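Chain by chain, the residues:
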Amino acid sequence: MKNIKSKKLDTQVAHAGTNPDKTYGSVAPPIYQTSTFKFDSAEEGAKRFSGEDPGYIYTRLGNPTTATLQEAVATLEKGTDALATSSGMAAVSTIYMTFLEVGAHFICSEAVYGPSRVVMEKEFSRFGVEFDFVDTSNIKNVKNTIKPNTKLIFIETPANPTIKLTDIKACADIAHSNGAVLAVDNTFMSPILQNPFDFGADIVMHSMTKSINGHSDVVSGILVFNNQKLLMRTRNVLLNLGGTIDPHQAWLVLRGLRTLSLRVLKAQENAQIIAEFLENHSKVEWVRYPGLPSHPQYELAKKQMHGFGSMISFEVQGGVDGGRTIMNNVELATLAVSLGGYETLIQHPASMTHSAMNKQDKIDAGITDGLVRISIGCEDVQDIQDDLDNCLRKI
Ligand SMILES: *Cc1c(COP(=O)(O)O)cnc(C)c1O
């Protein structure tokens, strides 16, 4: 479709990304399940390698199915280009590898997705990268931590599982006045509910495993750019390190993406109702959801997000036992990590994902004993509410 960028968001979700099939007119893009592409002559091969001929060479370097997905996500995120990756973590480690080196300094939200922190602390530290994990929801912490050698600031907003928000514009200003790059993990919001480029971010990252694919059946990631220099630097690193996506995987994600706004908006509508229900429940101590006026950053949420999403954290009475009671009594919600799928997923960090963590680290990360994290899905909201009410009554 011509001028897709001038169309409304729902139209873009349905149509963004050029179908590479010019031969048969297939409505769905073909899966170019090939590792390599034939050259018609030595001269043509040389032109493809030099970039004079834009044709494909080898799937790790580029593939038509993958290109369709990249173009679609770049359009939705208001960027110019994107690089799809084999997982969200391949996207994260590719930006770390691109913008950090020996003696470079890195600043990151402390309550970031676990492995985004672990890979820095355990692996990149071996290569002499310096880092600070700070509570970026208080912008003073970023200001006080920045150094002349800070090359990359990486934030996740809302953060996991505290649902704290970080001011994207304020971080972009700090990064840019120090010559650093700001990357934003936008997984929780999807391109439908938050567009970090509007606030000066340099790179937007998604785990497409979550909302963009949305069906809990594919692992993948993507990096979106609006700057050719940053794109080309990152592209070289990604293509050589090899964390690229497979064409079949790309095709599945593209299929999931076509219902992205329908799913995200329905789940969000449900989440608002569930958040209000939980806030008024006698067995619930507190609820964190950006769409509740009780959220400490409700004003920032309204400013930088187009909606409040479908992730809710809440503290049940009874600490670890209270959380366990919920986990062992849910019937509709599925006890599983991950988020952003069509189905409601629930987890209890203190007895599950973070059970091995020591008490002080848990407190520092905002993981209290009765904290329950729920990713609201697209089911009938009354059924979700009845399921939670039934569990809460057993506490
Ligand atoms: C899941 C997730 C990731 C990692 O993505 P994978 O696809 O599992 O590698 C990164 N950031 C956030 C916020 C996530 O939820």
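Quick look at the structure, then. Quick caveat, the model's predicted, so the values are computed rather than measured. (Residues numbered from 1 in each chain as written. Predicted model: local features only at pLDDT ≥ 70, side-chain atom pairs only at ≥ 80, totals over all residues. Heavy atoms only, no water.)

Here we take up the sheet that holds strand β3 (residues 130–134). Neighbouring strands of a sheet are bound in pairs by backbone hydrogen bonds; such pairs are parallel or else antiparallel. Pairing is mixed across the open sheet formed by seven strands, whose spatial order is β1-β7-β6-β5-β4-β2-β3. Unpaired on one side and paired on the other, β1 (81–85) and β3 mark the two borders of the sheet. Averaged over all adjacent pairs, the angle separating strand axes in this sheet is 20°, with direction ignored. Across four bridges, strand β2 (residues 105–109) lies against strand β4 (residues 150–156) in parallel orientation. Bridge pairing links H105 to T150 in β4. (Pairing = 2+ DSSP bridges. Helix = DSSP H or I, 4+ residues; strand = E, 2+ residues; numbered from the N terminus. Axes fitted to C-alpha atoms, helices over the stretch in contact; angles between N-to-C directions.)

Taken in spatial order, the five strands of this open sheet run β8-β9-β12-β11-β10, and their pairing is mixed. The outermost strands of the open sheet, each flanked by one partner alone, are β8 (284–288) and β10 (334–335). Here three bridges tie strand β11 (residues 345–347) to strand β12 (residues 371–375), and the two strands are oriented antiparallel to one another. Of the residues in β12, the one forming a bridge with I346 is I374. Its contacts with the sheet place helix α11 (residues 260–279) against β8 and β9 (311–316), and it is angled at close to 15° to β9. Together, β9, β10, β11 and β12 form the strand contacts of helix α13 (residues 319–327), whose direction differs from that of β9 by roughly 125°. (Contact = heavy atoms within 4.5 Å.)

A few words on the side chain of E379. Summarising the element assignment, E379 is placed in the loop between β12 and α15 (381–393). Setting aside anything within four residues of it in sequence, one finds E379 in contact with K266, N270, L332, Y342, E343, T344 and I384.

Every one of the 14 residues lining the ligand counts as a neighbour, but M89, D185, S207, T209 and K210 are closest to it. For the ligand, a nitrogen atom lies 2.7 Å from a polar atom in the side chain of D185. Taking 380 Å² as the accessible area of the ligand by itself, protein coverage stands at 93%. Elements that contribute at least two residues to the shell around the ligand include exactly α4 (88–99) and β6 (203–207). Classifying every residue of the shell around the ligand gives five nonpolar, six polar and three charged. (Near = heavy atom within 4 Å. Polar contact = N/O pair within 3.5 Å; in protein donor to acceptor, adjacent residues only side chain to side chain. Areas by Shrake-Rupley, 256 points an atom, 1.4 Å probe, with all protein chains shown as cover. Nonpolar A, V, L, I, M, F, W, Y, C, P; charged D, E, K, R; others polar.)

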